[in-house]
Amino acid sequence: MNGSTNNVNNFESYTYEDIQEASDFLLQNTRYRPKIGIICGSGLGPVAESLSGKDCFPYETIPHFPASTVKGHAGQMVFGLLQGVPVMCMQGRFHYYEGHSICKCAMPVRVMNMIGVNHLIVTNAAGGLHESYRTGDIMVVKDHVNFLGLAGVNPLRGPNDERFGARFPAISRAYDDNLRAAAKKIAKEMQIEKHVHEGVLTCLGGPNYETVAELRAMKVLGIDAVGMSTAHEVIVACHSGMTVFAFSLITNVCITTYDCDDVANHEEVIETGRNKEGMLKEFVSRMVLHIHKSQPT
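Residues numbered from 1 in each chain as written. Predicted model: local features only at pLDDT ≥ 70, side-chain atom pairs only at ≥ 80, totals over all residues. Heavy atoms only, no water.

### Examining the packing of aromatic side chains
To keep it simple, the criterion reads: Two rings from Phe, Tyr or Trp (for Trp, the six-membered ring) form a pair when their centres are within 6.5 Å of each other. A pair whose planes differ by under 30 degrees is stacked, one over 60 is edge-to-face, and the rest are tilted. Elements are defined by DSSP. Helices are runs of H or I of four residues or more, strands are runs of E of two residues or more, and each kind is numbered from the N terminus. Each residue's exposure class comes from its accessible area (1.4 Å probe, protein chains only) as a fraction of the maximum for that residue type: buried when under 20%, exposed when over 50%, partly exposed otherwise.
Enumeration according to the criterion identifies nine aromatic pairs in this entry. Ring centres of Phe245 and Phe283 lie 6.4 Å apart, and the angle between their planes is 50°; on these two criteria the pair is classed as tilted. Taken as a pair, Phe245 in strand β11 (residues 243-253) and Phe283 in helix α9 (residues 277-294) lie far apart in primary sequence, 38 residues in all. You'll find Phe245 and Phe283 in the same group, each marked buried. Three or more aromatic residues joined by ring pairs make a cluster, and in this case those are Phe25, Phe57 and Phe79.

If you want it as structure tokens, here you go:
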């Protein structure tokens, strides 16, 4: 089922009623009322699989949701308990390169918010551009450079419905300071602090990986990791008044020299996620517990 389309302005948007229909469908078919949402990126699907008492909804069964087409993305919304805390997980996301509008890519965040989610954990697989990042590391996102958005590909484009949020939301503090500090503390408790960094993520259109010249240019701009998602989801979360924590699993080291024979590939992304499955589950679980304990009763 598709969202409402305005052919005159050539953009696809979702009405308040569209989002309500999707959220009502989910609420009517699950007992859970989560306050925490998780978006599981490429290779991070096992986080959703670790939930207990799961209610699973393939995307194509949810009103107005498309189907995910990317290998490593199960393509379903999962409700359940993580360490006893009710959460809802997107096990796989939608990408601009799949042919979806950027509004459609971010639409599930609106559904999460209407269901009652007020804290969003966004995960993704990314290439490590910073010279100290290694495959398997975690980068806690402190900011982003949204190349798609700078080119006008923005999920808030079009008429603004004030029921969703203000016309001109501030994004300068998109990634919550307190949650980033909590993540550093948790990393130390897990004794993985040497493998956890804090940096700037960029969002590119994909699906091709970047040229050497593009990566060199991004490095000059202060970008530490390169991905094809997250920024537009975070923009919609901020527009909706949600508190955001995001991190990238560094699944490959970006190639910034012409004499290197290595090439980036999606299989490496999936394999890295599989190898770090236990660490990622524990890291996310501890973040969920921290958020849960900090919420007002």
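### Description of the nonpolar core
Selection rule: Grouping buried Ala, Val, Leu, Ile, Met, Phe, Trp, Tyr and Cys residues that are joined through side-chain atoms within 4.5 Å yields what is termed a nonpolar core. Note on contacts: a residue pair qualifies if any of its non-hydrogen atoms lie within 4.5 Å across the two residues.
Grouped together as the largest cluster of nonpolar side chains are 46 residues, with contacts concentrated most on Ile62, Phe65, Met77, Phe79, Val111, Met112 and Leu120. The set of elements that each furnish at least two residues to this core consists of α1 (16-28), β5 (76-82), β6 (85-91), α3 (102-115), β7 (119-128), β8 (138-146), α7 (231-239) and β11. If one sorts the elements of this core by residue count, α3 sits on top with eight residues. Apart from residues no more than four positions distant in its own chain, Ile62 is found in contact with Ala22, Phe25, Leu26, Phe57 and Met77. Core analysis: the second largest hydrophobic core is formed by 32 residues, Cys40, Val196, Val284 and Met287 among them.

### Topic: the pairing of β11
Put simply, the rule reads: DSSP calls a pair of strands paired once it identifies at least 2 bridges connecting them.
For β11, a buried count of nine out of eleven residues is recorded, marking the element as mostly surrounded by other parts of the structure. Direction of pairing for β7 relative to β11: parallel, over a ladder of ten bridges. What sits directly across from Val122, in β11, is Ala246. In this sheet, β11 lies alongside β8 in antiparallel orientation, the contact comprising three bridges. What sits directly across from Ile138, in β11, is Leu249.

### Topic: the confidence of the model for the protein
Which entries qualify depends on this criterion: The predictor rates its confidence in each residue with pLDDT, a number between 0 and 100.
Per-residue pLDDT for the protein averages 92, and the proportion of residues at 70 or more is 95%. Predicted confidence for residues 5-10 stays below pLDDT 50, and this span has five contacts to residues more than four positions away or in other chains.

### Things to note about the side chain of Asn146
Along the chain, the position of Asn146 falls in strand β8. Dropping the residues within four chain positions of it, Asn146 is found in contact with Cys203, Ala231 and Ile235.

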